[in-house]
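Listed below, chain by chain, are the residues.
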Amino acid sequence: MAEKSGPIYEVRVLVDRDAVADCDAWLEEHVRETLRVAAVTDCYVSSVAADEAGRAGRICHYTLQDDDALDDFLGTFSAQIEHELSSRFPDQVSFPGRVVR
């Protein structure tokens with residue numbers, strides 16, 4: 001029998017080829033930091049196909065304890081992620097997000 005999992009917040013990161021190595025290094029550190037957040041039960045990054053513009057694709061999944069943790073995450077932590085990506089990689093990265101059930 002499968003264990004029940006909380007909601008997942010998914011961020012698709014699309015990064016210009018010249019910034020891939022730096023973005024991957026940032027994502028690796030980001031996952032380590034995220035796993036220290038009590039409400040996050042899992043976090044991992046996977047590579048996905050490039051988009052039409054040739055930007056490298058990464059998917060970051062954040063599994064949260066429950067819907068309250070998701071609300072808190074969306075209210076604070078996701079904004080911090082957005083700010084950090086925008087600051088570190090201006091005009092080189094886009095990162096649409098969505099909740100997956």
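Nothing here was measured: the structure is a model prediction, and the numbers come from that model. (Residues numbered from 1 in each chain as written. Predicted model: local features only at pLDDT ≥ 70, side-chain atom pairs only at ≥ 80, totals over all residues. Heavy atoms only, no water.)

*Asks:* Explain the pairing of strand β1 (residues 8–15) to me, please; I cannot follow it from the model alone.
*Replies:* Regular strands show a simple pattern: their side chains alternate between the two faces of the sheet. Burial of β1 is extensive: 6 of the 8 residues sit out of reach of the surface. Here β1 pairs with strand β3 (residues 56–64) via 8 bridges, running antiparallel. By the bridge assignment for β3, Ile 8 is matched with Thr 63. In this structure, β1 lies alongside strand β5 (residues 97–100), joined through 4 bridges in antiparallel fashion. The residue bridging Tyr 9 from the neighbouring strand is Val 99, located in β5. (Buried < 20%, exposed > 50% of the residue type's maximum accessible area, 1.4 Å probe, protein only. Helix = DSSP H or I, 4+ residues; strand = E, 2+ residues; numbered from the N terminus. Pairing = 2+ DSSP bridges.)

*Asks:* What is the right way to look at the packing of helix α1 (residues 20–34) against helix α2 (residues 67–88) in this model?
*Replies:* Helix-helix packing is described using two parameters, namely the angle between the two axes and the distance between the axes. Here α1 crosses α2 at 160 degrees, and the two axes come no closer than 13 Å. One element, α1, and the other, α2, form an angle in the roughly antiparallel class. Crossing handedness for the pair α1 and α2: right-handed. Along its contact with α1, which presents Trp 26, His 30 and Thr 34, the element α2 presents Phe 77, Ile 81, Glu 84, Leu 85 and Arg 88. Considered class by class, the residues forming the contact of α1 with α2 number 4 nonpolar, 2 polar and 2 charged. (Axes fitted to C-alpha atoms, helices over the stretch in contact; angles between N-to-C directions. Parallel < 35°, antiparallel > 145°, perpendicular 65-115°, else oblique. Left-handed = near helix turned anticlockwise from the far one by under 90°. Contact = heavy atoms within 4.5 Å. Nonpolar A, V, L, I, M, F, W, Y, C, P; charged D, E, K, R; others polar.)

*Asks:* So what exactly am I meant to see when it comes to the packing of aromatic side chains here?
*Replies:* What describes a pair of aromatic rings is the distance from one ring centre to the other and the angle between the planes of the rings. All told, the structure shown has 4 aromatic pairs when counted by the stated rule. Joined through ring pairs, the aromatic side chains of Tyr 9, Tyr 62, Phe 73 and Phe 77 make up one cluster. (Phe/Tyr/Trp six-rings, centres within 6.5 Å; stacked < 30°, edge-to-face > 60°.)

*Asks:* Before we go on, may I ask you to explain the nonpolar core in this structure?
*Replies:* Here is a general trend for soluble globular proteins: nonpolar side chains tend to be buried in one another's company. Counting 24 residues, the largest nonpolar core has Tyr 9, Val 15, Tyr 62, Leu 64, Phe 73, Ile 81 and Phe 89 as the members making the most contacts within it. Within the residue set of this core, elements represented by two or more residues are β1, α1, β2 (40–48), β3 and α2. For this core, the element with the highest residue contribution is α2, accounting for 6 residues. Apart from the residues lying within four places of it in its own chain, the contact partners of Val 15 are Val 20, Cys 23, Arg 55, Ala 56, Gln 92 and Val 93. (Core = buried A, V, L, I, M, F, W, Y, C linked by side-chain atoms within 4.5 Å.)

*Asks:* When you look at the side chain of Thr 63 in this model, what are you seeing that I'm missing?
*Replies:* On the secondary structure map, Thr 63 appears in strand β3. Judged by its relative accessible area of 8%, Thr 63 is buried. Those residues in contact with Thr 63 that lie beyond four places of it in its chain are Ser 5, Gly 6, Pro 7, Ile 8, Ala 39, Val 40, Thr 41 and Asp 42.

*Asks:* Explanation requested: the pattern of salt bridges in the structure shown.
*Replies:* Under the counting rule described, the total for this entry stands at 6 salt bridges. Residue Arg 58 is joined to Asp 24 by a salt bridge in which the shortest nitrogen-to-oxygen separation is 2.8 Å. You can see Arg 58 sitting in strand β3 and its partner Asp 24 sitting in helix α1, a full 34 residues away along the chain. Taking the relative accessible area as the measure of exposure, Asp 24 reaches 28% and is therefore partly exposed. (Salt bridge = Lys/Arg side-chain N within 4 Å of Asp/Glu carboxyl O.)

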